[in-house]
Amino acid sequence: MLKESQRAFNLSNPQRLFSRKNTRKFWLNLHLTIALTVGLVFVILGLTGSCNVFYYELGELGLPALPGASQAKPRSLDEIMQTVKAAHPQRTGGWFMVLPGYRSDYVWVEYPKPEETKHELFAPLEILVDPYSGKIVSEHFWGRTLTSLIYELHADFLTGKIGAEIGKVGAKVVCFFGVFLFVCCLSGLYLWWPRGGKFKNALTIKPHSSTQRFYYDLHKITGFYGSALLLVIAFTGFAFSYNDYIKPLVNVFSAVKADHLKNPTLKSTVADIAEPISIAQAAVIADQVFPGAELRGIGTPDSKDGVYMVAKRQAGEANRKRPRSKVWIDQYSGKVLAVQDPQTFTSGETFLNLLWPLHDGQALGLPGRILWCIAGFAPLVLYITGIMRWLQKRKAKQQKQSKSKRPMLATGEIG
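Residues numbered from 1 in each chain as written. Predicted model: local features only at pLDDT ≥ 70, side-chain atom pairs only at ≥ 80, totals over all residues. Heavy atoms only, no water.

### Things to note about the overall build of the protein chain
Line of reasoning, step 1. Each helix and strand in the protein chain was counted, giving 15 helices and eight strands.
Line of reasoning, step 2. The dimensions of the protein chain, computed from C-alpha atoms along their principal axes, are 105 × 50 × 40 Å.
Line of reasoning, step 3. On the protein chain, roughly 23500 Å² of surface is accessible, and the fraction owed to carbon and sulfur atoms is 62%.
Line of reasoning, step 4. For the protein chain, the distance from the average site of its 49 positive side-chain charges to the average site of its 31 negative ones is 20 Å. (Helix = DSSP H or I, 4+ residues; strand = E, 2+ residues; numbered from the N terminus. Areas by Shrake-Rupley, 256 points an atom, 1.4 Å probe, with all protein chains shown as cover. Lys, Arg positive; Asp, Glu negative; His and termini not counted. Charge placed at Lys NZ, Arg CZ, Asp CG, Glu CD.)

### Section: the side chain of Ser 254
Line of reasoning, step 1. Mapped onto the elements, Ser 254 comes out in the loop between helix H10 (243–253) and helix H11 (279–289).
Line of reasoning, step 2. Looking at Ser 254, the relative accessible area reads 14%, which means it is buried.
Line of reasoning, step 3. A polar side-chain atom of Ser 254 sits 3.3 Å from the main-chain amide nitrogen of Ser 347.
Line of reasoning, step 4. Setting aside its immediate chain neighbours within four residues, Ser 254 contacts Thr 346, Ser 347 and Gly 348. (Buried < 20%, exposed > 50% of the residue type's maximum accessible area, 1.4 Å probe, protein only. Polar contact = N/O pair within 3.5 Å; in protein donor to acceptor, adjacent residues only side chain to side chain. Contact = heavy atoms within 4.5 Å.)

### Quick look at unusual backbone geometry
Line of reasoning, step 1. Phi angles above zero are rare outside glycine, and Arg 103 is one such case at about 75°.
Line of reasoning, step 2. Along the chain, Arg 103 turns up in the loop between strand S1 (96–98) and strand S2 (107–111).
Line of reasoning, step 3. Looking at Arg 103, the relative accessible area reads 12%, which means it is buried.
Line of reasoning, step 4. For His 208, which is not a glycine, the phi torsion comes out positive at approximately 55°.
Line of reasoning, step 5. Considering the arrangement of structural elements, one finds His 208 in the loop between helix H8 (199–202) and helix H9 (211–241).
Line of reasoning, step 6. Owing to a relative accessible area of 86%, His 208 belongs among the exposed residues under this scheme.

### A closer look at the pattern of salt bridges
Line of reasoning, step 1. According to the stated counting rule, one finds 13 salt bridges in the structure shown.
Line of reasoning, step 2. With a shortest N-O distance of 4.0 Å, Asp 360 and Arg 103 are connected by a salt bridge. Here the residue Asp 360 occupies a position in the loop between helix H13 (355–359) and helix H14 (365–375), and Arg 103 occupies one in the loop between S1 and S2, the gap between them amounting to 257 residues. Each of the two residues, Asp 360 as well as Arg 103, counts as buried.
Line of reasoning, step 3. Taking the shortest distance from any N to any O, the salt bridge between Asp 217 and Lys 220 comes out at 3.9 Å. With a gap of three residues between them, Asp 217 and Lys 220 both fall in helix H9, about one helical turn apart. For the pair Asp 217 and Lys 220, a shared accessibility class is recorded, and that class is buried.
Line of reasoning, step 4. Salt bridges here are not isolated pairs; linked through shared partners, they connect Glu 120, Arg 144, Glu 152 and Lys 161. (Salt bridge = Lys/Arg side-chain N within 4 Å of Asp/Glu carboxyl O.)

### Re the packing of helix H3 (residues 20–52) against helix H6 (residues 146–156)
Line of reasoning, step 1. Contact geometry for H3 and H6: axes closest at 9 Å, N-to-C directions at 135°. The angle between H3 and H6 places the two elements in the oblique class. Between H3 and H6 lies a crossing of left-handed hand. Contacts between H3 and H6 involve Ile 44, Leu 45, Thr 48, Gly 49, Cys 51 and Asn 52 on the former and, on the latter, Ile 150, Tyr 151, Leu 153 and His 154. (Axes fitted to C-alpha atoms, helices over the stretch in contact; angles between N-to-C directions. Parallel < 35°, antiparallel > 145°, perpendicular 65-115°, else oblique. Left-handed = near helix turned anticlockwise from the far one by under 90°.)

### Focus on H10
Line of reasoning, step 1. Among the residues of H10, those classed as buried are Ile 246, Lys 247 and Val 250. In an axial view of H10, the angular spread of the buried residues amounts to 105°, which keeps them on one side of the axis. Among the exposed residues of H10, those oriented more than 90 degrees off its buried face are Asp 244, Tyr 245, Leu 249 and Val 252.
Line of reasoning, step 2. Those residues of H10 that are buried lie in contact with H9 and helix H12 (347–353). (Arc of directions from axis to C-beta.)

### What about the nonpolar core?
Line of reasoning, step 1. One finds Trp 95, Met 97, Val 109 and Ile 329 to be the most contacted residues of the largest nonpolar core, which totals 27 residues.
Line of reasoning, step 2. Those elements that provide at least two residues to this core are helix H5 (77–87), S2, strand S3 (125–129), H11, strand S6 (307–313) and strand S7 (325–330).
Line of reasoning, step 3. A total of five residues in this core trace back to one element, the largest contributor, which is H11.
Line of reasoning, step 4. In contact with Val 109, not counting residues within four places along its chain, are Ile 80, Met 81, Val 84, Trp 95, Phe 96, Met 97, Leu 125, Glu 126, Ile 127 and Val 129. (Core = buried A, V, L, I, M, F, W, Y, C linked by side-chain atoms within 4.5 Å.)

### Let's talk about the packing of aromatic side chains
Line of reasoning, step 1. Tallied over the entire structure, the rule returns 25 aromatic pairs.
Line of reasoning, step 2. Between the aromatic rings of Tyr 55 and Tyr 56, the centroid separation amounts to 5.5 Å while the plane-to-plane angle is 85°, which identifies the pairing as edge-to-face.
Line of reasoning, step 3. A relative accessible area of 8% means that Tyr 56 is categorised as buried.
Line of reasoning, step 4. Each ring, one from Phe 235 and one from Phe 351, has its centre 6.2 Å from the other, and the planes form 45°; the classification is tilted. Here Phe 235 is found in helix H9, whereas its partner Phe 351 is found in helix H12, with 116 residues between them in sequence.
Line of reasoning, step 5. Ring pairing ties together the aromatic residues Phe 157, Phe 176, Phe 177, Phe 180, Phe 238, Tyr 242 and Tyr 245, which thus form one cluster.
Line of reasoning, step 6. Between the NZ or CZ atom of Arg 91 and the centre of the ring of Tyr 111, over which it lies, the distance is 5.8 Å.
Line of reasoning, step 7. Sitting above the plane of the Tyr 242 ring, Lys 172 keeps its charged end 4.7 Å from the centroid. (Phe/Tyr/Trp six-rings, centres within 6.5 Å; stacked < 30°, edge-to-face > 60°. Lys NZ or Arg CZ within 6 Å of the ring centre and 35° of its normal.)

What follows is the structure in structure tokens.
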């Protein structure tokens, strides 16, 4: 009866029910539950994400060093494309060329939908070409090299290899883990917040402390310093697959066009007597739209009525490898069919455009990528120190319970 009355009192007393102690216990249990159930997933995503930040550099690791523009003249993009097509005459669709100059030294030529991997969610053929000799130095299907396998593990847990539809589900699951990571970071910050304003102790490791105290301090400071980046990574990762939920929220503050930021469906006007323009000519036309902007990539027509897509980077664009300044060009007449200019984006569209470069750190250049790479190791440190701390507390609790039972056994109160 006494316990029932106490329970009734607790439920009828909101101040007691929502006391600091109860609130802290709730967040502690939530934090612990997430860590024990999906913490290992955070570790895998963090470590693979650290590798993905340097995907192109790792992809070129071990390839011959290039002479540089001061010592040799680069081959034209038309020559390089002719070499690639001659090596793969059966591939009659469109190609996409990613130019060197940022994160890579070679020209990366991609064939998006090869017949060999058409059942997979994403498995383009990647061909690396020496920009000076024009020779192919490496070629592989996505997911057949260690770096691309790591990337796919991060993107969809390798489910994309089983099938496109299963891969889409896998990608959504991976992105949804961003919610758990976000909540885990917020709950960790709440639990970290020092009582009495003792921030200095909360931000340092106590010298000459016990092993238990070291694990505790390391967990705290890693969580605090890493949370700023992990919260960004968690949110942007979630937004990739759940953009339809993010757009309406952003649209409240700034207009976002429904089909903006997507590649438009365009066609060239087929002319039987006209020859397609060259890649070089398409680049010149795009330069008239974005004069002085850096040429970063070119997509070739994928059919007789296909179009050129030229990607350039204007000064200040956060996405440096695959920027948003794009021009779509009729492959016969050279007419500009559509233009995407990030400088005309609304604030909401600019925010959405920042999601990818914020996820991999390239928005802040090389320093940002290094920081994001380091942040990828934070879940590993937090997972290990968190598990150690949990085991320590569990052992201490068991020992306490064992000690409390001994006097009762001695006096015969049990049994």
